[in-house]
Structure formats: C-alpha cells, structure tokens
Amino acid sequence: MVELMTAPVFPKLESTKIAIVLNGKGGVGKTTTAVNIAAIFAEHHRVLLVDADPQGSASWWVKQSEGRDLGFETIVLTDWTGVSRQQWSDYDIVVVDMPPALDSVALATIMPIADYLLLPTPPAPMDLAALIRTVRQVVIPSQIAHRVLLTKVNARGLREAQEAQQTLLQCQIPVYYTVIRNLKIHERAAMSGLPISQFKSQAAAPAAADYRCVVNEIWKDWS
C-alpha cells in the first residue's frame, strides 16, 4: 500500500523520457495523475505536460492557476501529424495525458515513441476487469514498459486495493506498491489550478505524499 520512502535520488537522464497516462475510460484519475506527476518531476527536471485529451481537462486545470508557475510547460495537441521524439528533445520528461479511448490516433502515434505507460484505475472489480483487458489487448503487444496505479482508493478501507493488487500480480501485470487515496483535497487543488504538491494546506500533505511515492517508484523503473 502507501509506501514510506526516503528522498529519491533523481539521476540525470541521458535522453528524453516520454511517459503516457492512459485508461480506456474517463473518471479514473487520469488527468489528476498526469498533472501531479508532472509537477513533482518538474522539481528536478525540465518537464512538458501534453494535453492530448479532447476534453482538455489538463489544460483547464492549468488555466485555473491564472498564470502561476507550476514548474512545467503545457501544450494542447490535437494534430498528431509528424509527432516525433525529436520535437520534444529539449525536455527531460514529457508526460502525455491521453484521450480515454484505445483506438485514438493519439495512442497509435505516441505508443511507438513512448518509453513508459502509466495506467490509473480504481480498484473496483468492473474497473479492474476493463483495465486487465486493456493491458492484454493493447499494452502487452506493444511491449512498452508499464505499471498500473490504483486510484480513488477508499482511505478507510484499503482491503479492496490490496485484493486488486494481488489480482493484477496474479495476472502478471505490474502494479505500483503505492495507491492514490480518494481524498477531497484533490478536488480543491484542481479548482485552484494547482498540483497537490503545491497546494498550501495541511490536508494536502498526505495526498502529495502518495504521488511522491509513485514518482519514486517510476524512478526505480527507470534506473
């Protein structure tokens, strides 16, 4: 479950890392995850957040910040013609908030050039079953490094998340040790246009810790 970890050692990256955040359905914490990991990465690296979701949730979030420096740059991408790693080579890390669709042009374009895939999902059985199908049908054939992140986890009842982790491991699907608890403070941070790591509230500390632990696990995957 939520892992207590020492401060990470952030290595110098030899080349740009492209990480995509994907789920075939909406409402699973995809944009929340993309924005928050981008902000934490940006504390030590130059980061670009790409809003590739037609719903524009990531760019809406950034707009709420009213010009405050969130630490990362943001672009909205609707035309995937000619997209390549080279055009993002000035950044250390690119985080792409993908559309909630498995047959999108965006996914077909970005998957071959991406390094890493993060799959957020609530632990509820129906959500988990859909996610497992996605991994088997779309992710595994691509051979991209990937890991599932359990989101919207009931902070007072972690048993469901533990069972979901076991199910994923039994299916030989990598899953983060850390889970993202369903804390109301995430909504307040989004409405303020801030990542949870920058939201000034005592209640934000545990929510920010969840995402910092996730970033630590990603660094382990990259090292």
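Quick caveat: nothing in here was measured; it's all calculated off a predicted structure.

1. Re the overall build of the protein chain
And then number 1: Each helix and strand in the protein chain was counted, giving 7 helices and 7 strands.
And then number 2: Computed over C-alpha atoms, the radius of gyration of the protein chain comes to 16 Å, within 12% of the 17 Å expected from 2.2 N^0.38 for 223 residues, which places it in the range of a compact globule.
And then number 3: With respect to the principal axes defined by its C-alpha atoms, the protein chain has extents near 45 × 40 × 35 Å.
And then number 4: The contacts in the protein chain between residues at least 6 apart in sequence include a share of 80% that link residues at least 24 apart.
And then number 5: For the protein chain, the computed accessible surface area is about 10800 Å², with 50% contributed by carbon and sulfur atoms.
And then number 6: For the protein chain, the distance from the average position of its 20 positive side-chain charges to the average position of its 21 negative side-chain charges is 6 Å.

2. Observations regarding helix H1 (residues 30-41)
At 3.6 residues per turn, the α-helix brings residues three or four places apart onto the same side.
And then number 1: Over its 12 residues, H1 extends 17 Å from the first C-alpha to the last, a length consistent with the 16 Å expected when each residue adds 1.5 Å.
And then number 2: Of all the 12 residues making up H1, 11 are buried; the element is thus mostly covered by neighbouring parts of the structure.
And then number 3: Every buried residue belonging to H1 is among Lys30, Thr31, Thr33, Ala34, Val35, Asn36, Ile37, Ala38, Ala39, Ile40 and Phe41, and all of these are buried.

3. Comments concerning helix H5 (residues 159-170)
And then number 1: Taking 1.5 Å of rise per residue, the 12 residues of H5 would be expected to cover 16 Å, and the 17 Å separating its terminal C-alpha atoms lies within 8% of that figure.
And then number 2: What H5 keeps buried is the set Ala161, Ala164, Gln165 and Leu168. What you see down the axis of H5 is that its buried residues fit within an arc of 100°, all on one side. Of the exposed residues in H5, those oriented more than 90 degrees away from the buried face are Arg159 and Gln170.
And then number 3: Those residues of H5 that are buried lie in contact with helix H4 (125-142), strand S6 (145-153) and strand S7 (175-181).
And then number 4: Trailing H5 by a residue or two, Gln172 shows a phi angle of about 60°, which is positive.

4. Here we look at the pairing of S6
And then number 1: For S6, a buried count of 7 out of 9 residues is recorded, marking the element as mostly surrounded by other parts of the structure.
And then number 2: The sheet contact formed by strand S5 (residues 116-121) and S6 spans 6 bridges and is parallel. Across the sheet, the residue bridging to Tyr116 is Ala145, located in S6.
And then number 3: In this fold, S5 hands off to H4, which returns the chain to S6; that crossover is right-handed.
And then number 4: With 3 bridges joining them, S6 and S7 adopt parallel strand pairing. Opposite Leu150, over in S7, you have Val179 as the bridge partner.
And then number 5: Taking the sense of rotation as the criterion, the β-α-β connection linking S6, H5 and S7 turns out right-handed.

5. Here we look at the pattern of salt bridges
And then number 1: In total, this model carries 10 salt bridges according to the counting rule given.
And then number 2: Residue Arg46 pairs with Glu73 through a salt bridge whose shortest N-O separation is 2.9 Å. Remark: Glu73 occurs in strand S3 (residues 73-76) and Arg46 occurs in the loop between H1 and strand S2 (47-51); sequence separation between them is 27 residues.
And then number 3: Given a relative accessible area of 39%, Arg46 falls into the partly exposed group.

6. Notes on the sheet that holds S7
And then number 1: What the 7 strands build is an open sheet, ordered S3-S2-S4-S1-S5-S6-S7; its pairing is parallel. Each edge of the sheet is formed by a strand with only one pairing partner; in this case those strands are S3 and S7. Sheet twist, expressed as the mean angle between neighbouring strand axes with direction ignored, is 20°.
And then number 2: On the sheet, H1 packs against strand S1 (17-21), S2, strand S4 (93-97), S5 and S6 and is oriented at approximately 165° with respect to S4.
And then number 3: The strands touched by helix H2 (residues 57-64) are S2, S3 and S4; relative to S2, the strand with the most contacts, the crossing angle is about 120°.

7. Some points on the side chain of His146
And then number 1: Mapping His146 onto the fold places it in strand S6.
And then number 2: Take His146: its relative accessible area is 15%, and that puts it in the buried class.
And then number 3: Engagement of the side chain of His146 in a polar contact is seen with the backbone oxygen of Ile144, the distance being 2.9 Å.

About the thresholds
- Throughout this description, residue numbers start from 1 for each chain and increase along the sequence as written.
- Only residues with pLDDT of at least 70 are given local features in this predicted model, and only at 80 or more are side-chain atom pairs given and counted; all residues enter the totals for whole chains, interfaces and linings.
- Based on all heavy atoms of the structure, the side-chain values leave hydrogens and waters out of the count.
- In this text, helices come from DSSP runs of H or I with a minimum length of four residues, and strands from runs of E with a minimum of two, each type numbered from the N-terminal end.
- What the globule rule says is 2.2 Å times the number of residues to the power 0.38, and the radius of gyration is computed from C-alpha atoms.
- Every residue pair with non-hydrogen atoms within 4.5 Å of one another is taken to be in contact.
- Throughout, the Shrake-Rupley method with a 1.4 Å probe supplies accessible areas, and for residues the shown protein chains are the sole cover considered.
- We treat Lys and Arg as the positive residues and Asp and Glu as the negative residues; His and chain ends play no part in the count.
- The atoms used to mark charge sites are NZ of Lys, CZ of Arg, CG of Asp and CD of Glu.
- To estimate how far a helix should extend, the number of its residues minus one is multiplied by 1.5 Å.
- Think of it in three bands: residues with accessible area under 20% of the maximum for their type are buried, residues over 50% are exposed, and the middle band is partly exposed, with areas taken using a 1.4 Å probe on protein chains only.
- Relevant arc is that of directions from the helix axis to the C-beta atoms, nothing else.
- Two strands make a pair as long as DSSP finds a minimum of two bridges between them.
- With the strands aimed away from the viewer, a crossover counts as right-handed if its path from the first strand over the helix to the second runs clockwise.
- Take a side-chain nitrogen of Lys or Arg and a carboxyl oxygen of Asp or Glu: if they are within 4 Å of each other, that pair is a salt bridge.
- In this analysis an axis means a line fitted to C-alpha atoms, helices contributing only their contacting stretch, and an angle means the value between N-to-C directions, from 0 to 180 degrees.
- For the purposes of these results, a polar contact is taken to be a pair of N or O atoms within 3.5 Å, where, inside protein, one atom must be able to donate a hydrogen and its partner to accept one; residues adjacent in sequence count only when each atom of the pair is a side-chain atom.

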